[in-house]
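Residues per chain, in single letters:
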Amino acid sequence: MKRENFEIDERLAGQSAIREIVSKLPDDEPSMAWRSQLNERLRALPVKARKRWWELIWKPTVGLGLATAFAFALLMKPTQPAPTVSPESGSIVADAILDAHSGTVARHELGAVSGEALESDTAAVPVEWDDVDLNTL
Amino acid sequence: MELSIGTRAIRMKNDPATEQALIERCRRQDGEAFSKIVDAYQNRVYGFVKRMVPNAEEASDIAQEVFIRAYQSFGRFDARSSLRTWLFRIAYNLCVDRSRRYKRGLDETSIDVMGEDDAVYDVPDSRWDPQSLILDDELRAVVERGLEEMSDKLRTVLLLHDKEDFAYEEIAQTLSLPIGTVKSRLFLARAHLQKVVGVYLEGGA
């Protein structure tokens, strides 16, 4: 590899006369018309509007502000007050339950209500067994 | 750095800091700074493109396109390569695109130089002395014709190295080629020109 490089470098060094000739080739200078046309084309390019600092800032700021406001509104949304049981209403319910119980006990003692009825409402319901149920037994 | 005002070239002190300042301004789409860049490079870019594209009108258009592309994409110029390398890479790519459009391709021209005797390249002739060799219009025309005859690949390397004074590394960077390939192409291109000029000097042109 090094030997090849050396050989090509040697050969290139031997071509210095051609290099000299090529380096002396004159350049055709572009005309004034060419330059004017180039300037026209450059001017015709759509100008990329450079954003000013406040343009770079205001959109994110507004977005952030809106997001914050939305989050705040969600967090601070007035919720339905939890149902509270006032001591008065609690006593009313308790009294009603006690009254119902006392009434039932009193009627039981008077023989108006059977013992089973006190234990379960469903016990009084007659059960109808069909053949399928009976076969499973 | 060579700067020119309009089409009149003037020499300026090579000052990388100045060029860097201009580049920074160009990144901000500063038209005045870009105009100075155009002044500095228009002759060389125009000359390179004219030798790469045979049609004069098309060459003028492509040379303008080089600067337009540069102006539009200055924001992406990362200064890893020099401004000169970057501009010539744009120029080369546009020339290649144009070649592809015309389906000329970039295949190597079958220049018959490799099989010949080395004496052809190492001409021990006093007429090869660069000092005594006057590049008159006739010889210039011969050289220009020799340039036209070779492939785009060889011509590009020859022009960048011998005309624009690019280093091998710069050419390799511009054309995305290994340095060895750059050297071998340069050798082939010069050998072809040597042959053409040799024929002319022997009175055969």
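This is a predicted model, so every value here is computed, not measured.

K.L.:
Please clarify how the overall build of chain A should be interpreted in this entry.
P.N.:
When helices and strands are tallied, chain A shows seven helices and zero strands. Going from N to C terminus, chain A has its helices and strands arranged as α-α-α-α-α-α-α. Expressed as a percentage of its 137 residues, the buried residues of chain A come to 11%. A total accessible area of about 11700 Å² is found for chain A, and carbon and sulfur atoms account for 62% of it.

K.L.:
What is the right way to look at a nonpolar patch on the surface in this model?
P.N.:
Residue and element names in this part refer to chain A. Nonpolar side chains collect at one region of the surface, where Trp58, Val62 and Leu66 lie side by side and expose about 310 Å² of accessible area between them. Inspection of the secondary structure puts Trp58 in helix H4 (residues 53–75). For Trp58, a relative accessible area of 42% corresponds to the partly exposed category.

K.L.:
In this structure, what is going on with the pattern of salt bridges? I would like to understand it.
P.N.:
One pass over the full model with this rule turns up 22 salt bridges over all chains. Close ionic contact of Arg41 of chain A with Glu65 of chain B constitutes a salt bridge, the shortest N to O distance being 2.7 Å. Here Arg41 of chain A, found in helix H3 (residues 32–44), pairs with Glu65 of chain B, found in helix H3 (residues 56–72), and the two come from separate chains. By relative accessible area, which is 23% here, Arg41 of chain A ends up partly exposed. Residue Glu65 of chain B is classed as buried on the basis of its relative accessible area of 19%.

K.L.:
Any chance you could explain the packing of aromatic side chains here in plain terms?
P.N.:
Remark: the centre distance and the inter-plane angle together describe each pair of aromatic rings, the angle taken between the planes. All names here are of chain B. By the definition in use, this model includes nine aromatic pairs over all chains. A centroid spacing of 4.7 Å and a plane angle of 35° characterise the contact between Phe77 and Trp86, whose relative ring orientation is tilted. As far as the burial class goes, Phe77 and Trp86 line up, both buried. An aromatic cluster is present here, built from Phe34, Tyr71, Phe74, Phe77 and Trp86 joined pairwise through their rings. A cation over a ring is seen here: Arg84 above Phe166, with NZ or CZ 4.1 Å from the ring centre.

So, how was this worked out
Residues numbered from 1 in each chain as written. Chains lettered and ligands numbered in written order. Predicted model: local features only at pLDDT ≥ 70, side-chain atom pairs only at ≥ 80, totals over all residues. Heavy atoms only, no water. Helix = DSSP H or I, 4+ residues; strand = E, 2+ residues; numbered from the N terminus. Buried < 20%, exposed > 50% of the residue type's maximum accessible area, 1.4 Å probe, protein only. Areas by Shrake-Rupley, 256 points an atom, 1.4 Å probe, with all protein chains shown as cover. Patch = residues over 30% accessible without salt bridge, like charges linked within 9 Å, V, L, I, M, F, W, Y side chains within 5 Å. Salt bridge = Lys/Arg side-chain N within 4 Å of Asp/Glu carboxyl O. Phe/Tyr/Trp six-rings, centres within 6.5 Å; stacked < 30°, edge-to-face > 60°. Lys NZ or Arg CZ within 6 Å of the ring centre and 35° of its normal.

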